[in-house]
Amino acid sequence: MSITKTTDGIYKLSTNIEDILFEGIWEIPNGVSLNSYVVKGQKTALIDGFCGWDGVPETFFAALDQMEVPLNTVDYIIINHMEPDHSGWIEDIKKIKDDVQIFCTAMSKNLLDSFYGHTKNINVIKDGDRLDLGGGRILQFYTTPNVHWPDCMVTFDTKSGTLFSCDAFGSYGNVKDDGYDDLLTEEDLVFYEKEAVRYYANIVATFSSFTKKALAKCATLPIKIVAPGHGIVWRKNPQKIIDDYARYAAYSQGPAKREICLLWGSMYGMTERGVNKIKELLQDSDMDYTVHNVAEDSWGIILGSVWNATGIILAMPTYENKMFPLMAAVLEEMGKKKVLNRVAFRIGSFGWAGGAEKELAAIMERNKMNWNFLPKVEFKGAPTEADFTKIEENVKELIAKVDELTK
Ligand SMILES: Cc1cc2nc3c(=O)[nH]c(=O)nc-3n(C[C@H](O)[C@H](O)[C@H](O)COP(=O)(O)O)c2cc1C
Ligand SMILES: [Fe+2]
Ligand SMILES: [Fe+2]
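Residues numbered from 1 in each chain as written. Chains lettered and ligands numbered in written order. Predicted model: local features only at pLDDT ≥ 70, side-chain atom pairs only at ≥ 80, totals over all residues. Heavy atoms only, no water.

A.B. asks: Pulling in residues and values, what's your account of the nonpolar core?
C.D. replies: In terms of nonpolar packing, the biggest core is built from 66 residues, with L331, M334 and W371 touching the most fellow members. Residue contributions to this core peak at nine residues, all from helix 5 (residues 186-204). Excluding its chain neighbours within four sequence positions, the residues that come into contact with L331 are L314, M323, L360, I363, M364, M369 and W371. (Core = buried A, V, L, I, M, F, W, Y, C linked by side-chain atoms within 4.5 Å. Buried < 20%, exposed > 50% of the residue type's maximum accessible area, 1.4 Å probe, protein only. Helix = DSSP H or I, 4+ residues; strand = E, 2+ residues; numbered from the N terminus. Contact = heavy atoms within 4.5 Å.)

Listed below in structure tokens is the structure:
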């Protein structure tokens, strides 16, 4: 656990989680941090989590000592979001201090009962409500439904201008004591930008329209620090992560970056011959691109690349009258995450009657993805010279379209 001072009267406690699939699905090769915060006025509030505490009272007392917080001043727990990565410890704290008052949305109250059987000392907040901690420190609450669960809210400290944003403005990636934008190098910030977009694509993407509403609400606040539940804290340039999130939310409807993502799968290497040609063409162009074999790379990693991409190339054969199943599965998930309005192109091999195209159309239709496809290049068995020529023409046209959309 890392304990650091965020600003006067505010401390951050971070624990890094590794070697798990986040939410039981998403690969996190660089880990993810669970951040919680201690905010001191005359009274003290704990915000988001306190995860990583081993449940041993002495550890908790030692942490409070380090932050110069007397236990008898800990009166409030703010639950911005009931999901267990932010609230799993309430049980333990109540053992030490039974009269602690919880502040949360009506929906969180309902969930606290269903998940943990907590019904006592719960104060339901409404949008814009305030909690005075004394010493000139007032916390204001703003509901932000569906960023990421329907119960979500953010908490704003008027004294320091700190926004405790929970899942909003979060990123993957472990943090250390220097997990603040003003303490990190440019290289570190590039790392966290990549971690943030993958986090967004995995966790928040489905709710981009709600993210836009939350961004509009936050825009009315004089924010000086953004302190999320995951990832680094933004003290030097809080607008950077706010603008990044506006960008990520907009990528759902497209266009996204000047980037192409090539997704492919192949059983006996027929489709792969076309893939190799496409890789060469992308390499020879100045277009940014990513390549993923859908049988090798996990959904979370693929979604991170797809989210940034304005152009998508799909390469997969027919399999039992449908498309190569791993491609179908990841495309379906992309539909649910609302990867919409991309420019696209598909190639693939078949043996006798095909079927991949029909399923592709069904997935696009079912999820209302509205991708704009160039003519497919589908071939029986191995691709011919004529097929390679058509592939080359289409890849060049796709690059031109991405250029046009992102200029
Ligand atoms: C398990 C399996 C199922 C297949 N099902 C079909 C099918 O339903 N219709 C069809 O036209 N071809 C089907 N094929 C043929 C493949 O589409 C064909 O072999 C193609 O060249 C495979 O391309 P790849 O080498 O890129 O995997 C099937 C092949 C396999 C191995
Ligand atoms: Fe969440
Ligand atoms: Fe979370």
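A.B. asks: Can you explain the site of ligand 1? Please cite residues and give values.
C.D. replies: Surveying the vicinity of ligand 1 reveals 17 residues, the closest of which are S266, M267, T271, N321 and S349. A distance of 3.0 Å is found between an oxygen atom of ligand 1 and a backbone nitrogen or oxygen belonging to G269. In this structure, an oxygen atom belonging to ligand 1 sits 2.6 Å away from a side-chain N or O atom of T271. Protein chains shield 85% of the accessible area of ligand 1, which is 640 Å² for the free molecule. The set of elements that each furnish at least two residues to the shell around ligand 1 consists of helix 8 (270-284), strand 18 (318-319) and strand 20 (343-350). In terms of residue class, the shell around ligand 1 is built from eight nonpolar, eight polar and one charged. (Near = heavy atom within 4 Å. Polar contact = N/O pair within 3.5 Å; in protein donor to acceptor, adjacent residues only side chain to side chain. Areas by Shrake-Rupley, 256 points an atom, 1.4 Å probe, with all protein chains shown as cover. Nonpolar A, V, L, I, M, F, W, Y, C, P; charged D, E, K, R; others polar.)

A.B. asks: I'd like a description of the pattern of salt bridges, backed by residues and values.
C.D. replies: Scanning all chains against the criterion turns up 22 salt bridges. Between E193 and K257 there is a salt bridge, with its nearest N and O atoms 3.8 Å apart. Taken together, the positions of E193 in helix 5 and K257 in strand 15 (residues 257-264) put the pair 64 residues apart, joining distant regions of the chain. In this structure E193 comes out as buried when scored by relative accessible area, which is 19%. K257 gets classed as partly exposed once you look at its relative accessible area, which sits at 27%. Among the salt bridges present, the one from E333 reaches K337, with a minimum N-O distance of 3.9 Å. For K337, a relative accessible area of 9% corresponds to the buried category. In the salt-bridge network here, residues are joined through shared partners; they are E193, K240, D244, R247 and K257. (Salt bridge = Lys/Arg side-chain N within 4 Å of Asp/Glu carboxyl O.)

A.B. asks: Report on the domain arrangement of the protein chain, specifying residues and quantitative values.
C.D. replies: By domain assignment, the protein chain separates into domain 1 (2-251) and domain 2 (260-398). The straight-line distance from the C-alpha centre of domain 1 to that of domain 2 is 39 Å. Of the residues lining the interface, 13 residues belong to domain 1; the matching set on domain 2 comes to 13 residues. Between domain 1 and domain 2 the total buried area reaches about 1200 Å² when both faces are included, carbon and sulfur atoms providing 60% of it. (Domains from an automatic or database assignment. Buried area = accessible area lost by both parts, 1.4 Å probe.)

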